[in-house]
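Chain residues, written in single-letter form:
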Amino acid sequence: MSIPGHFQFTVDRIVNEARRLRTLGIPAVLLFGIPEQKDPLGSENARPEGIVPTAIRAIKDAVPELVVISDMCLCEYTDHGHCGAINPPAGTRGHDPRLPPGYLLNDRTLELLAEASAVHASAGADIIAPSGMIDGMVGAIRKALDESGYQHVAVMSYSVKYASGFYGPFRQAAESAPAFGDRRQYQMDPANAREAFREAALDIAEGADILMVKPAMPSLDVICSLRRRFNWPVAAYQVSGEYAMLHAAAANGWLDLKSCALESLTSIRRAGADLIISYFAADAARWLERRSVE
């Protein structure tokens, strides 16, 4: 497995996993879905009986106090692996000759995200987390939630998501790698720190309740800067590559996994993150509990 110790779960098994995580004191889970069928528009994401809405209902029935966050993107649902609707190849239906083939269609993607967000909220999601870095995504989702009667559902935006090389293990595990090209059209240049402030300010203006930075450790400076500039909750995502490389180094005997994992999480917290999303969550909860007992 590209993310050691983590697996794809069926709905029945994810309920047991949710119970286990809550027992460890973990307050929230972030769900990603892998559908049985994919299409150019990622239609399965908006189906009320789709994998994520079904999982949300099952988790909330079994562990109602657990906060359920729904990742809101289309890359796992589209047959091309991009984060929204794209301009189809020349000579095919719907092709816009003014745009290159494969170009992400921003406004059409907003419609798809808004529709799916309302469906996930209806299933019981507490937080919608748009992750595609699509222009206007927070505003479109906030509007859809409010108009559907889900004013209480929060939006945690992937406000600063870099086109990073650290996502590789997740894309393998979630079967979401792009079939062609990359995601630099809509994700940020890792060399550009100033754009983070503009993106964060836009998301706040559009109604984001939480700002997220991804990946976490290569972006500690950005986390720190956002914390100083905005009086807004900041989340940080310690991504699959960060997790996997520590496991690989530990497996080779080059470092101690526990101490380095906890140090990495501490550095993210020290930089200013209020919330940390990490594949180390369950391990860290156990390690910290043992430390407090000792």
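Everything discussed here concerns the structure shown above.
If you're wondering where the values come from, they're calculated on a predicted model, not measured in any experiment.

Would you mind showing me how to read the pattern of salt bridges here?
A pair can form between side chains of opposite charge whenever their charged atoms are brought close. Counted according to the given criterion, the structure contains 11 salt bridges. Salt-bridge contacts for Arg142 lead to Asp146; the nearest nitrogen and oxygen are separated by 3.0 Å. Note that Arg142 and Asp146 are positioned in helix α4 (residues 137–147) at a spacing of 4 residues, about one turn of the helix. With a relative accessible area of 31%, Asp146 lands in the partly exposed category. Of the charged contacts in the structure, one is a salt bridge between Arg142 and Asp209, with a shortest N-O distance of 3.7 Å. With Arg142 in helix α4 and Asp209 in the loop between α6 (194–206) and β5 (210–214), this residue pair connects regions lying 67 residues apart in the sequence.

How do you make sense of the environment of Val234 when you look at a structure like this?
Its location among the elements puts Val234 in strand β6 (residues 234–238). On the basis of relative accessibility, which here comes to 1%, the residue Val234 falls in the buried class. Sequence-wise, Val234 and Met72 are 162 residues apart; in three dimensions their C-alpha atoms are separated by 18 Å. Setting aside residues no more than four positions away along its own chain, Val234 makes contact with Leu211, Ile223, Leu226, Arg227, Gly272, Ala273, Asp274 and Leu275.

Cut-offs applied
Residues numbered from 1 in each chain as written. Predicted model: local features only at pLDDT ≥ 70, side-chain atom pairs only at ≥ 80, totals over all residues. Heavy atoms only, no water. Salt bridge = Lys/Arg side-chain N within 4 Å of Asp/Glu carboxyl O. Helix = DSSP H or I, 4+ residues; strand = E, 2+ residues; numbered from the N terminus. Buried < 20%, exposed > 50% of the residue type's maximum accessible area, 1.4 Å probe, protein only. Contact = heavy atoms within 4.5 Å.

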